[in-house]
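# Chains, contacts and geometry: an overview
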Amino acid sequence: MQPTSDDVARTLKKAKEDLKEKSKLTEIAFFGGSFTAIDRAYMITLLEAAKPFLPDFYGIRISTRPDYIDDEVLSIIKDYKVTSIELGAQSMDNSVLELNKRGHSAQDVINASNLIKKHGFSLGLQMMTGLYGATLEKDLSTAQKIIELKPDTVRIYPTVVMKNTDLADYYLNGSFVPYTLEESVTLCSKMILLFAKADIKIIRLGLHYSDSLVENSLGGNYHPAFKELCENRIFYEQFLEKAKSFSEKKLMVTINPKSLSKFLGQNKRNINKFREMGYELEIKFDDTLDKYDLGVCDATEIS
């Protein structure tokens, strides 16, 4: 059921009361659909309903399709103080987009992104990994092409097969094999580092938990703490790579204090594996280190 202008006003009034002064750092969001693709009069009605609350909020964030962006619609939404636009790019591989019936091309993403930045909006790009027809290489290529567009933010959603969809039919008849959870974690841990190096903020990695998602998904590759698993993997692999340079197993690890849980791993899985490998680790903190970096040295030489 589509929200009405009254729904918008009621929601924003409550949000203003709940957030208090924090509302000035918060964007109003029209998500869950393609905002610029809906009926133009209806779109303006929703923006009009949000307008009286704009002095109390930072601005408005919308999500939409790359093929529903042009100068006219950007001029309209800018007048209503829309500050951020997220595009559902999903993939930058035309064969993947076509197989998944996305209805737009990679060039549409490029054109829309450039136009959005030209009009002064903050640009967000959303991508999906493991779509029908995708490969690990194609997904990494999509990440690289998104980086080239220099968005301010990205969201990465691993594909989850849902019951009663075309993708479920492909999965059940064997024509589509989804990535395993392990493959998705390995892939997305690499993407985290790529986007971090490019100074592009990942504002979402993995799908929000819901009972419906768990009950209606197929393939067993959904995990509610997906981002945590990916960050754990970054530290696990980085430590092992750096530890190879030392003959001793007693090592000193230096990390940013905010990264401790990432290094230890979910339920201390990383540190337990290191101990099983015979490592004796001391941990030192350095808040000047990047959150995904760590140093390793021989602890016996220090002591």
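Reading the values: rules and limits
- Residues numbered from 1 in each chain as written.
- Predicted model: local features only at pLDDT ≥ 70, side-chain atom pairs only at ≥ 80, totals over all residues.
- Heavy atoms only, no water.
- Pairing = 2+ DSSP bridges.
- Helix = DSSP H or I, 4+ residues; strand = E, 2+ residues; numbered from the N terminus.
- Axes fitted to C-alpha atoms, helices over the stretch in contact; angles between N-to-C directions.
- Contact = heavy atoms within 4.5 Å.
- Salt bridge = Lys/Arg side-chain N within 4 Å of Asp/Glu carboxyl O.
- Buried < 20%, exposed > 50% of the residue type's maximum accessible area, 1.4 Å probe, protein only.

## Examining the sheet that holds strand β1 (residues 27–30)
Overall, parallel pairing links the six strands, which are arranged β1-β2-β3-β4-β5-β7 in an open sheet. The open sheet has two free edges, formed respectively by β1 and β7 (201–205), since each of these has just one partner strand. Averaged over all pairs of adjacent strands, the angle between strand axes in this sheet comes to 20°, irrespective of strand direction. Direction of pairing for β1 relative to strand β2 (residues 59–64): parallel, over a ladder of four bridges. Bridge assignment links Ile28 to a residue of β2, and that residue is Ile60. Of the strands in this sheet, β3 (82–90), β4 (122–129) and β5 (153–158) touch helix α6 (residues 136–148), which is tilted by about 175° from β4.

## What to know about the pattern of salt bridges
One side chain can pair with another of opposite charge once the charged atoms of both are near each other. According to the stated counting rule, one finds 13 salt bridges in the structure shown. With a closest N to O distance of 2.5 Å, Asp7 and Arg10 form a salt bridge. Of this pair, Asp7 and Arg10 both sit in helix α1 (residues 5–19), three residues apart, which is roughly one turn of the helix. For Asp7, a relative accessible area of 26% puts it in the partly exposed group. Taking relative accessible area as the criterion, Arg10 reaches 52% and is therefore assigned exposed. The closest approach of N and O atoms between Arg233 and Glu237, which form a salt bridge, is 3.9 Å. One end of the pair is Arg233 and the other is Glu237, both in helix α10 (residues 226–243) and four residues apart, which spans about a single turn.

## Thoughts on unusual backbone geometry
Positive phi, close to 60°, is recorded for Asn164, a residue that is not glycine. With respect to the element layout, Asn164 can be found in the loop between β6 (161–162) and α7 (166–172). A residue is classified by how much of its surface remains accessible, and Asn164, at 81% relative accessible area, is exposed. Phi angles above zero are rare outside glycine, and Asn267 is one such case at about 55°.

## Here we look at the pairing of strand β9 (residues 250–255)
Two faces make up the sheet, and in a regular strand the side chains alternate between them. Across the six residues of β9, five count as buried, placing the element largely inside the fold. Alignment of β9 against strand β10 (residues 280–285), held across six bridges, turns out to be parallel. Opposite Val253, over in β10, you have Ile283 as the bridge partner.

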